[in-house]
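# Working through the structure, step by step
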Amino acid sequence: MSSKRPITLHFSRQLCVAGGTVQGEVELNFPLAQEDDIEEVHVKLSGSVKTNIYRNNTMIRESVHLLREDRVLWRRGTAYPPPGSHTLSFPFEFALPTHLPPSFHFNGFNVGGSVSYELEVVGVRRGTFHWNRRMQVPLAVVPSDTTGHSLRTAVQNGWRGAWATLTREERVRKGVWGDHAHVKMILRLPDLIQFPLFTPIPFSIRIVTISKPMKRENTPEDKPIFPTPPQYPEEIQFELRRSVYVRAHAFDSRLGERAPFASGLTVDSSSLESTRLENVWIPSDDKEKGTWKQEVTFSSKFVLRCPPTFQTRILKNEYRLQVQLNFGGLFNKLYADFPIRVVSGLLPSSVQTDFASLSSSTEGTSSSGGNRTTLDLPPSYWATNDWHDSKEDSEYDGYEAK
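Residues numbered from 1 in each chain as written. Predicted model: local features only at pLDDT ≥ 70, side-chain atom pairs only at ≥ 80, totals over all residues. Heavy atoms only, no water.

In the annotation of an unreviewed UniProt entry, the chain is listed under the name Arrestin-like N-terminal domain-containing protein and assigned to Sparassis crispa.

What follows is the structure in structure tokens.
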């Protein structure tokens, strides 16, 4: 921040947990504040849910205020810098309510929704032509989560609980006519009722293919046997999908899409392992023909960084994990799709310890090359004018948090 600005906000952009506190410090350059005719300095904390739906050539909007606090830090004539100094420092602390939805941002075709939190510092200037000076800093907030915190610890220490298995099978063939081959996919991961953020969760994907019946001497030597299991993990589509419900007054909309902005899910390439078995010839009953069995298993860990699952009166967000394989040819695809409940796995009382352990346990999992213990939110969520003029505060629009 430029030294010519009369007000500076010192605040860590660390992830905040509902039920915890938001702390920072405002620094006032006294001579510049006098020169700029600043009469008061306020710090504000606000949070809201907002939705919009475009219908009948009109943008319908609705909002719900989650919190709004305003603290007066300084008034002209109440405090002066100590001798030899030109600055005053004002520490502040806000307590976040216990039950808050997570930060979230969604923008689709003719529909959008967000849960946003913001710190704002205001330099109040009196007079008709003196607009207030403002500085705004968005916050990333997640709910407090006792159950997810215990699950996160159990997974980080090496999962010793039950495992869930999801199996999908299909018959496939190269063309419209001819015998069918058989493909099977087995997804295995910890049997969790909730999936905590920033936690490397182990999983494996086993693919088994059985060729169509053929004579052994007719086995192709110069090309793969159909259906061929994937050779590389990049051939497997493993992604997080979200379903968003938006309501604005009498109108509503539901949309499903791949979770955007880095997917909200990162696969740890450093822990990736693959096991490919030798092809096995399986004779048929008449012993003239048989089938070829091919098998490969990929195992790794994935880390979730998306806003947790949540529901409010006007905005709802849910997730599904989806695995897809394409064996080539017409309709030769195999899907595995199941819902997951994403939770923060964080507690305000242990957030510092949690962040230290999370940074260590997720090392190497970020596609950008660094450790990230923050939510995958689009740049538009963090967009702010940093330091600007504004006439007046906006007032409450009458909606209450529910």
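### Thoughts on helix H2 (residues 146–156)
To be explicit about the condition: Here's how the labels work: a residue is buried when its accessible area is under 20% of the maximum for its type, exposed when over 50%, partly exposed in between, all with a 1.4 Å probe on protein chains only. Strands are runs of DSSP state E lasting at least 2 residues, helices are runs of H or I lasting at least 4, and numbering of each runs from the N terminus. The directions from the helix axis to the C-beta atoms form the arc being described.
Those residues of H2 not exposed but buried are Gly148, His149, Leu151, Arg152 and Val155. For H2, the angular spread of the buried residues around the axis is 165°, confining them to a single face. Where H2 terminates, the next one or two residues include Gly158, which has phi positive at roughly 100°.

### Notes on unusual backbone geometry
A cis amide bond links Phe226 to the next residue, Pro227, at an omega of -5°. Mapped onto the secondary structure, Pro227 falls in the loop between strand E14 (201–210) and strand E15 (237–248). With a phi angle near 60°, Asn57 is a residue other than glycine that sits in the positive phi range. Looking at the secondary structure, you find Asn57 in the loop between strand E4 (38–55) and strand E5 (58–75).

### Focus on the nonpolar core
Across soluble globular proteins, you tend to see nonpolar side chains buried next to one another. Here is the rule we go by: Residues grouped as a nonpolar core are buried Ala, Val, Leu, Ile, Met, Phe, Trp, Tyr and Cys residues, joined through side-chain atoms within 4.5 Å. Segmentation into domains, and thus their bounds, comes from an automatic or database assignment. We call two residues in contact when some of their heavy atoms are within 4.5 Å.
Counting residues in each nonpolar core, the largest one holds 92 residues, and the members touching the most others are Leu119 and Phe302. Taken domain by domain, this core gets at least three of its residues from each of domain 1 (7–144 + 358–390) and domain 2 (146–343). Filtering out sequence-adjacent residues up to four positions away, Phe302 remains in contact with Leu189, Phe195, Thr199, Pro200, Ile201, Phe203, Phe238, Leu265, Thr266, Val267 and Leu321.

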